[in-house]
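Here is what each chain is made of, one letter per residue.
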Amino acid sequence: MENSFRSRFVPIQRQELTKLLKEEFETEKQEKYAKLTNLVHHTIHYEFHEKIEKCRDLYRSFDPDPITKSVLNEKGDLETFQKELEGIFADANFRAVTESELDSAFNSESLFPLAVNVNLDDYDTLILYRRGETKRTEKIRSWQTFYQWKEIEIESFDRLVVVIRLKKEALENNKDLTRVQEMKAGKIYLKFFKNIPKADVEMVLPNARLGMRPLDKLMLGGPLAAGAFSSVIKLFLAFGAAAAGGVSLTYEDPTMRVVGTLLLVMAGYFVKGLSGYKNTKLNYMQTLSQGLYFKNLANNASVVYQLLKLAEDEEIKEALLAYHFLYKSEKPLSMEELDNQVEQWFKDKFDRNFDFNVEDGLVKLKKLGLVKSSKDTLKALELEKAIALLDKRWDNYFSGN
């Protein structure tokens, strides 16, 4: 996984950001600034309402569990819906997990000593979007650590959205998988999770199959095979010696006792190893069901609504940050200077790094008419003029102008 990537997610709640920015204004201007932020919030919220209606209509044909069954049975515009969804993810500052990142996640050391196999050919559509990363330590133990507890560092996706569309033949090929049995061909499944370990990202995919890792098979079967081979050789030698001497072997014979004991030990080792694998598999399934129960944030249509709300918050935060630092600056700023000031403010105040989406913030300010540009520099509109402009814009929404 690449660690150099900086998320564009603004790492603070919108309400807290508004409060902190307001406190940086002089007391006599705080009330006006509060009115401005309120107008920015409601203006962007109103415009997002149109996106909600558009997305709901586009997703209607692909929703696997609609509240009301469709009477039109329309085919739906898959390409337009996927394009609209990509735009929402971008606005919410999510980004797609790349193929190399997904391969790296599949090959990373899991918390569970199991092989989890996923057939990517089962999908017409499989896209994972992520936002934010967290590192933490977990304790694990296995035969590789001689069953001693060992601390390992786990990297997790703070937020992970999975977009899935299964092929029709995949449903037939995975009838034995409970999670696939519930799915329908042609429908788009959206799953929203929190705190998913990168190394166990397969757990969110419905066609994940559990198995034993090659090394574990070798550790389990190797000694048994070696012991069985040794026992068979000794048994043949004993029978050969007995036949040559005209003597019949019984369990009282020392050789037979050694062979029998060795076979019993090997069989016991095999049963214990197989039992350990089954217990590990059972623990994995239990952790999977219990963990995803608490990690799951939304499904299908509700994912679209949550993403739109997150995108709305990001748009508001970006616009407020861009306006605030342009307004507070004693001189016009270049785009790069604005970008650096916002990121440095977060670094100084919260010791947090992120990649401020300065282009997005300025696009919204220009659209609202809250910024003046001259050559390569920018300056925010005065508070009073900005409030008057947004007031007029709000009135025009309902006057038909």
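Thresholds, definitions, all that
Residues numbered from 1 in each chain as written. Predicted model: local features only at pLDDT ≥ 70, side-chain atom pairs only at ≥ 80, totals over all residues. Heavy atoms only, no water. Helix = DSSP H or I, 4+ residues; strand = E, 2+ residues; numbered from the N terminus. Buried < 20%, exposed > 50% of the residue type's maximum accessible area, 1.4 Å probe, protein only. Contact = heavy atoms within 4.5 Å. Areas by Shrake-Rupley, 256 points an atom, 1.4 Å probe, with all protein chains shown as cover. Core = buried A, V, L, I, M, F, W, Y, C linked by side-chain atoms within 4.5 Å. 1 Å grid on protein atoms, 1.4 Å probe; cavity = no way out; pocket = protein on both sides within 12 Å on 5 of 7 lines; lining within 4 Å. Points joined across faces, edges and corners; volume = space filled by probe spheres on them. Nonpolar A, V, L, I, M, F, W, Y, C, P; charged D, E, K, R; others polar. Arc of directions from axis to C-beta. Phe/Tyr/Trp six-rings, centres within 6.5 Å; stacked < 30°, edge-to-face > 60°. Lys NZ or Arg CZ within 6 Å of the ring centre and 35° of its normal.

(A) How the structure looks around the overall build of the protein. Scanning the protein for helices and strands turns up 12 helices and nine strands. In the protein, buried positions account for 40% of the 401 residues. Long-range contacts, defined as pairs at least 24 residues apart, comprise 78% of the intrachain contacts of the protein with a sequence gap of at least 6. For the protein, the exposed area adds up to about 22,800 Å²; of that, 54% sits on carbon and sulfur atoms.

(B) Geometry of the nonpolar core. Core analysis: the largest hydrophobic core is formed by 62 residues, its most contacted members being Leu36, Leu321, Tyr323, Leu326, Leu338, Phe346 and Leu365. Counting residues per element, this core draws most heavily on helix 9 (residues 301–328), which supplies 14 residues. Those residues in contact with Leu36 that sit more than four places away from it in its chain are Tyr323, Leu383, Ala386, Ile387 and Leu390. Core analysis: the second largest hydrophobic core is formed by 27 residues, Leu160, Ala170, Val180 and Met183 among them.

(C) Structural view of empty space enclosed by the protein. Summed over all chains, the structure comprises one cavity of 30 Å³ or more. Residue lining of the largest cavity: Gln82, Leu85, Glu86, Ile127, Tyr129 and Val163, and that is the complete set. Looking at which element gives the most residues to the lining of the largest cavity, the answer is helix 3 (residues 78–91), with three residues. Its residues placed into classes, the lining of the largest cavity shows four nonpolar, one polar and one charged.

(D) Inspection of the side chain of Glu314 at higher detail. Along the chain, Glu314 turns up in helix 9. Assessed through its relative accessible area of 1%, Glu314 is described here as buried. Residues within four places of Glu314 in sequence aside, it is in contact with Arg8, Phe9, Val10, Asp91, Ala92, Asn93 and Arg131.

(E) Expanded view of helix 1 (residues 14–23). Among the residues of helix 1, Arg14, Leu17, Thr18 and Leu21 are the ones counted as buried. Along the long axis of helix 1, the arc covered by the buried residues comes to 100 degrees, so they all point the same way. The inward-facing, buried residues of helix 1 contact helix 2 (27–59), helix 9 and helix 10 (335–350).

(F) Spatial organisation of unusual backbone geometry. In the Ramachandran plot, Asn93 falls in the positive-phi region, its phi being about 60 degrees despite a non-glycine side chain. Looking at the secondary structure, you find Asn93 in the loop between helix 3 and strand 1 (95–96).

(G) Representation of the packing of aromatic side chains within the structure. Under the defined criterion, the tally for this structure stands at 19 aromatic pairs. By the ring-pair criterion, three or more aromatic residues cluster together here, those being Phe325, Trp345, Phe346, Phe350, Phe354 and Phe356. The ring of Phe48 is capped by Lys51, whose NZ or CZ atom sits 4.7 Å from the centre of that ring. The positively charged end of Lys328 is found above the aromatic ring belonging to Phe25, 5.0 Å away from the centroid.

(H) Layout of helix 11 (residues 358–368). Residues of helix 11 that are buried include every one of Val358, Asp360, Gly361, Leu362, Lys364, Leu365 and Leu368, and no others. Taken from the residues just after helix 11, Gly369 is the one with a positive phi, measuring 75 degrees.

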